[in-house]
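Take a look at the letters that make up each chain.
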Amino acid sequence: MNSPNLETNLYLVGFMGTGKTTIGRAVAYRLKYQLLDSDHEIELQEDRTVADIFADKGEGYFRELENKFIDEGHGKTKCVVACGGGLVVQPGMLDKLQKRGVVVCLHASLKTILKRTSANRNRPLLHVDDPMKRLRNLYAEREPIYRRAGAVILTDNRPTSDIISHVLRVYRREVSERER
């Protein structure tokens with residue numbers, strides 16, 4: 001059996017705080033790929049934070065920047081892209097990502113997500129009086145799309161090394177299936 005062509009991009013999607021950037025960094029290192037965090041790349045391009053973009057131009061403008069990043073902001077091969085939590089929920093975006101590469105969804109409980117994100121001031125969607133209520137509402141809207149994204153890997157209460165190994169197994173399997 002031939003080994004799969006491991007040049008296909010990997011897109012890590014899922015809710016904020018599920019570990020997309022942390023896991024993506026380790027997976028990219030193991031694959032010898034470039035890691036790109038969509039939020040970070042947009043911040044560099046705009047020379048301001050996501051929170052500032054939301055405050056100045058609104059969420060719609062930010063979603064346009066995400067779309068442009070997926071269309072034009074990264075290479076067609078050998079990239080691990082840690083996607084912002086809302087990127088994949090845009091109409092047509094999941095299909096676009098699935099055509100460009102392998103999509104893996106990272107998942108964590110809302111309690112874990114709140115714990116992981118509560119100290120981060122760069123989460124404009126959580127700058128509200130009741131962040132847990134906001135998380136529940138956002139997650140309820142986004143969950144159906146996350147579930148359609150492909151493999152869903154749980155990240156709470158698991159050693160990082162296990163999550164990385166699981167993502168790599170899924171990636172290799174998906175690349176092999178794409179080549180058939």
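Residues numbered from 1 in each chain as written. Predicted model: local features only at pLDDT ≥ 70, side-chain atom pairs only at ≥ 80, totals over all residues. Heavy atoms only, no water.

**Overview of the confidence of the model for the protein chain**
Moving on, step 1. On average, residues of the protein chain score 90 in pLDDT, and 92% of them reach the 70 mark or higher.
Moving on, step 2. In the model of the protein chain, helix 6 (residues 110–117) stands out as the element of lowest mean pLDDT, 85, in contrast to strand 3 (residues 79–82), which has the highest, 98. (pLDDT = per-residue confidence, 0-100. Helix = DSSP H or I, 4+ residues; strand = E, 2+ residues; numbered from the N terminus.)

**A word on helix 5 (residues 93–100)**
Moving on, step 1. Taken as a whole, helix 5 has its buried residues at M93, L94, L97 and R100. Projected onto a plane normal to the axis of helix 5, the buried residues spread over an arc of 130° and lie on a single side.
Moving on, step 2. Of the surrounding secondary structure, the elements contacted by the buried residues of helix 5 are strand 1 (9–14), helix 4 (59–72), strand 4 (101–107), helix 7 (131–148) and helix 8 (160–179). (Buried < 20%, exposed > 50% of the residue type's maximum accessible area, 1.4 Å probe, protein only. Arc of directions from axis to C-beta. Contact = heavy atoms within 4.5 Å.)

**So, the sheet that holds strand 2 (residues 34–37)**
Moving on, step 1. Taken in spatial order, the five strands make up an open sheet running 2-3-1-4-5, and their pairing is parallel. Looking along the sheet, the strands with just one partner apiece sit at the ends: strand 2 and strand 5 (151–154). Neighbour to neighbour, the strand axes of the sheet diverge by 25° on average, direction disregarded.
Moving on, step 2. Note: strand 1 against strand 4, six bridges, orientation parallel. In the sheet register, L10 faces strand 4, and the bridge partner there is V102.
Moving on, step 3. Contacts between helix 2 (residues 38–46) and the sheet are confined to strand 2 and strand 3, with strand 2 contributing the most and set at about 75° to the helix. (Pairing = 2+ DSSP bridges. Axes fitted to C-alpha atoms, helices over the stretch in contact; angles between N-to-C directions.)

**Considerations on the state of the cysteines**
Moving on, step 1. As enumerated under the stated definition, the model contains zero disulfides in all.
Moving on, step 2. Here C83 is not disulfide-linked; the sulfur of C105 is the nearest cysteine sulfur, at 10 Å.
Moving on, step 3. On the basis of relative accessibility, which here comes to 2%, the residue C105 falls in the buried class. (Disulfide = S-S within 2.5 Å.)

**Some remarks on unusual backbone geometry**
Moving on, step 1. Located in the positive-phi region is D47, a residue other than glycine, with phi close to 60°.
Moving on, step 2. Looking at the element boundaries, D47 is found in the loop between helix 2 and helix 3 (50–57).
Moving on, step 3. Exposure remark for D47: the relative accessible area of 70% places this residue in the exposed category.
Moving on, step 4. We note that N157 has phi near 55°; this positive angle belongs to a residue other than glycine.
Moving on, step 5. In this fold, N157 is placed in the loop between strand 5 and helix 8.

**Topic: the pattern of salt bridges**
Moving on, step 1. According to the stated counting rule, one finds eight salt bridges in the structure shown.
Moving on, step 2. A salt bridge links D56 to R48; its shortest N-O distance comes to 2.9 Å.
Moving on, step 3. Since its relative accessible area comes to 55%, D56 is described here as exposed.
Moving on, step 4. With its nearest N and O atoms 3.1 Å apart, the salt bridge here joins R147 to E143. With a gap of four residues between them, R147 and E143 both fall in helix 7, about one helical turn apart.
Moving on, step 5. By relative accessible area, R147 is classed as partly exposed at 45%. (Salt bridge = Lys/Arg side-chain N within 4 Å of Asp/Glu carboxyl O.)

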